[in-house]
Amino acid sequence: MSGLRISWKPNCKRSSLPKRAEVPVVISHRCPQDHPCPCVRMCPEDAVIQHGFAAPEIDKNKCVDCGACVDICPYKAITDMPQEKNVRMTF
Ligand code: SF4
Ligand code: SF4
């Protein structure tokens, strides 16, 4: 068998989570935009959306700020941002 399959999803449904001080933000220029984003499959709330190989987007209405996508991205293209700075930002 070749390749890596990740089937585990973090158990962090909305009701079981303490509120974090930080939220995930996509910094699109850090993403090489040449592969399927593993965060789409890993996000427990299906809050990560990717069109083609473009940098993903995070649906703030679904995201529970678990931080899994921040840990997964090898390019740090999804990073934590303090809640109070979570205004609409373009990078
Ligand atoms: S894991 Fe990171 S680098 Fe890869 S597609 Fe997702 S955001 Fe981009
Ligand atoms: S922090 Fe990332 S993995 Fe967790 S719910 Fe939000 S978008 Fe999904």
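Here the structure is a predicted model, which means the values were calculated and not measured.

Colleague: Just to check I follow, could you spell out the overall build of the protein for this structure?
Modeller: Of the regular secondary structure elements, the protein holds two helices and four strands. Order of helices (α) and strands (β) in the protein, N terminus to C terminus: β-α-β-β-α-β. Burial statistics for the protein: of 91 residues in total, 19% are counted as buried.

Colleague: Can you help me understand the site of ligand 2 in this one?
Modeller: Among the 14 residues in the neighbourhood of ligand 2, the closest are listed as Cys43, Cys63, Cys66, Ala68 and Cys69. Residue composition of the shell around ligand 2, grouped by class: eleven nonpolar, one polar and two charged.

Colleague: Help me understand the environment of Asn61, please; the structure alone is not making it clear to me.
Modeller: Tracing the backbone through its elements, the reader meets Asn61 in the loop between β3 (57-58) and α2 (68-72). Separated by 16 residues in sequence, Asn61 and Glu45 place their C-alpha atoms 9.9 Å apart.

Colleague: When you look at unusual backbone geometry in this model, what are you seeing that I'm missing?
Modeller: When glycine is set aside, most residues are seen to have a negative phi, and most peptide bonds are trans. Even without being glycine, Gln33 reaches a positive phi, approximately 55°. A positive phi angle, near 55°, is found at Asp46, a position not held by glycine. Checked against the element boundaries, Asp46 lands in the loop between α1 (38-42) and β2 (48-49).

Colleague: Explain the environment of Asp59 here, please?
Modeller: On the secondary structure map, Asp59 appears in the loop between β3 and α2. For Asp59, a count of 12 C-beta atoms within 10 Å translates into the label exposed. Each C-alpha atom of the pair Asp59 and Ala47 lies 4.9 Å from the other, and the pair is twelve residues apart in sequence. The residues touching Asp59, leaving out its near neighbours within four places in the chain, are Ala47 and Ile49.

Colleague: Is there a simple way to explain the environment of Ala54 in this structure?
Modeller: One can find Ala54 in the loop between β2 and β3. In this structure Ala54 comes out as exposed when scored by C-beta crowding, with 12 C-beta atoms within 10 Å. Separated by 17 residues in the primary sequence, Ala54 and Cys37 place their C-alpha atoms 8.8 Å from one another.

Colleague: Sorry if this is basic, but what is going on with the confidence of the model for the protein here?
Modeller: Regions with low pLDDT should not have their predicted coordinates read in detail. Across the protein, the average pLDDT comes to 83, with 70% of residues at or above 70. Of all secondary-structure elements in the protein, the lowest mean pLDDT belongs to strand β4 (residues 78-82), at 92, while β2 reaches the highest, 98.

Criteria and thresholds
Residues numbered from 1 in each chain as written. Chains lettered and ligands numbered in written order. Predicted model: local features only at pLDDT ≥ 70, side-chain atom pairs only at ≥ 80, totals over all residues. Helix = DSSP H or I, 4+ residues; strand = E, 2+ residues; numbered from the N terminus. Buried ≥ 20, exposed ≤ 12 C-beta atoms within 10 Å, placed from the backbone. Near = placed C-beta within 6 Å. Nonpolar A, V, L, I, M, F, W, Y, C, P; charged D, E, K, R; others polar. Contact = placed C-beta atoms within 7 Å. pLDDT = per-residue confidence, 0-100.

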